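# Remarks on the overall topology
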Amino acid sequence: MLRYVTTNPGKVREAESYLREGSVEQLDFDYTEIQAAELGPIAARGAREAYRHAVKPVLVDDAGLFIEELDGFPGPYSSYVEDTLGVEAVWDLASDLENRRAAFRCTLAYCDGEEFAASPDPVDREERVAAAAAGPDGDAGDATDAEPLPVKLFEGYVPGRMVAPRGDGGFGYDPIFEHGEETFAEMDTERKNAVSHRGRALEKFAEWYADRSRDET
Ligand code: ITT
């Protein structure tokens, strides 16, 4: 059974709907979100930490809303911005913009403690260098970071535009993100999954995971 690592039940609903109910279980684990400009290193680091915690195959989901005219803000800070300012405040900000184009991005990071062709991951290199520089007795964080576990990354992206809040489905920024004629909050889970950043990342993951499971049998 795959552990879907998130504190957000909305993400679990979408993953279950895509991957089949009963094939994933939520692991409500608040991994350390490192400061990074991209989602990949954050998710990769989280997947290693979650795997060490659970010692079971894990899939971490890191996502964000990127507003073009605001240089991608809130991006990797989407969670913090939702918690502190709120979704309405982000719409207030976006409503003053001429260009309201935006995108959701999602990075899934898989780790099961085994070897496989991992995705390139810049955090690995930095952690290895820091650990090597500190030497065997140095204080370079967790010693296991010196040999990072393989992680596979899957990315999904969906373009759209910022609009005044509509709809009461979904979660997070869904009411202010329109794709086609509807906001994500006006779509049911299946329809959102068919076009969303998460749905696209899950599609890539499911394909790879099926091959991996076949290879192991
Ligand atoms: P975890 O880190 O525990 O998974 P989180 O909700 O904080 O929970 P993220 O950091 O990935 O997850 O999410 C960043 C923000 O983007 C957060 O405010 C979410 O509500 C929002 N978000 C992520 N995916 C979304 C989606 O599909 N629709 C709307 N908002 C989304």
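Use the structure listed above.
Residues numbered from 1 in each chain as written. Predicted model: local features only at pLDDT ≥ 70, side-chain atom pairs only at ≥ 80, totals over all residues. Heavy atoms only, no water.

As a further point, take the pattern of salt bridges. Throughout the structure, instances matching the rule amount to 13 salt bridges. Note that Arg 3 is salt-bridged to Glu 25, the shortest N-O span being 3.6 Å. Remark: Glu 25 occurs in strand β2 (residues 24-27) and Arg 3 occurs in strand β1 (residues 2-5); sequence separation between them is 22 residues. Connected through shared salt-bridge partners, Lys 11, Glu 14, Asp 61, Asp 174, Lys 192 and Arg 198 make up one network. (Salt bridge = Lys/Arg side-chain N within 4 Å of Asp/Glu carboxyl O. Helix = DSSP H or I, 4+ residues; strand = E, 2+ residues; numbered from the N terminus.)

By secondary structure assignment, the location of Lys 152 is in strand β5 (residues 152-162). With no salt bridge to any partner, buried Lys 152 finds its closest opposite charge in Asp 211, at an N-O distance of 10 Å. Separated by 2.9 Å, the side chain of Lys 152 and the backbone oxygen of Ala 117 make a polar contact. With sequence-adjacent residues up to four places away left out, Lys 152 is seen in contact with Leu 108, Ala 109, Tyr 110, Phe 116, Ala 117, Ser 119 and Trp 208. (Buried < 20%, exposed > 50% of the residue type's maximum accessible area, 1.4 Å probe, protein only. Lys, Arg positive; Asp, Glu negative; His and termini not counted. Polar contact = N/O pair within 3.5 Å; in protein donor to acceptor, adjacent residues only side chain to side chain. Contact = heavy atoms within 4.5 Å.)

Let us now look at the packing of helix α1 (residues 9-19) against helix α7 (residues 197-216). The geometry of a pair of packed helices is captured by two quantities: the angle between their axes and the separation between those axes. In the contact formed by α1 and α7, the axes pass within 10 Å of each other and the chain directions differ by 45°. Classified by the angle their axes make, α1 and α7 are oblique. Classified by chirality, the crossing of α7 by α1 is right-handed. Together, Lys 11, Glu 14, Ala 15, Tyr 18 and Leu 19 of α1 and Arg 198, Gly 199, Leu 202, Glu 203, Phe 205 and Ala 206 of α7 make up the contact between the two elements. Broken down by class, the residue content of the contact of α1 with α7 amounts to six nonpolar, one polar and four charged. (Axes fitted to C-alpha atoms, helices over the stretch in contact; angles between N-to-C directions. Parallel < 35°, antiparallel > 145°, perpendicular 65-115°, else oblique. Left-handed = near helix turned anticlockwise from the far one by under 90°. Nonpolar A, V, L, I, M, F, W, Y, C, P; charged D, E, K, R; others polar.)

Moving on, we get to helix α2 (residues 39-54). Here α2 contains 16 residues, and its C-alpha end-to-end distance of 22 Å stays within 8% of the 22 Å for a straight helix at 1.5 Å per residue. Counting buried residues in α2 gives 12 out of 16 residues, a clear majority hidden from the surface. Where α2 terminates, the next one or two residues include Val 55, which has phi positive at roughly 50°. (Expected span 1.5 Å × (residues − 1).)

Quick look at the site of the ligand now. Lining the immediate surroundings of the ligand are 19 residues, of which Thr 6, Thr 7, Ser 79, Glu 82 and Asp 174 lie closest. Contact between the ligand and Tyr 173: a nitrogen atom at 3.1 Å from a main-chain N or O atom of the residue. For the ligand, an oxygen atom lies 2.9 Å from a polar atom in the side chain of Arg 198. Across the complex, the protein chains shield 94% of the 600 Å² of accessible surface that the ligand would expose by itself. (Near = heavy atom within 4 Å. Areas by Shrake-Rupley, 256 points an atom, 1.4 Å probe, with all protein chains shown as cover.)

Note that all results are geometric; they support no functional claim without further evidence.
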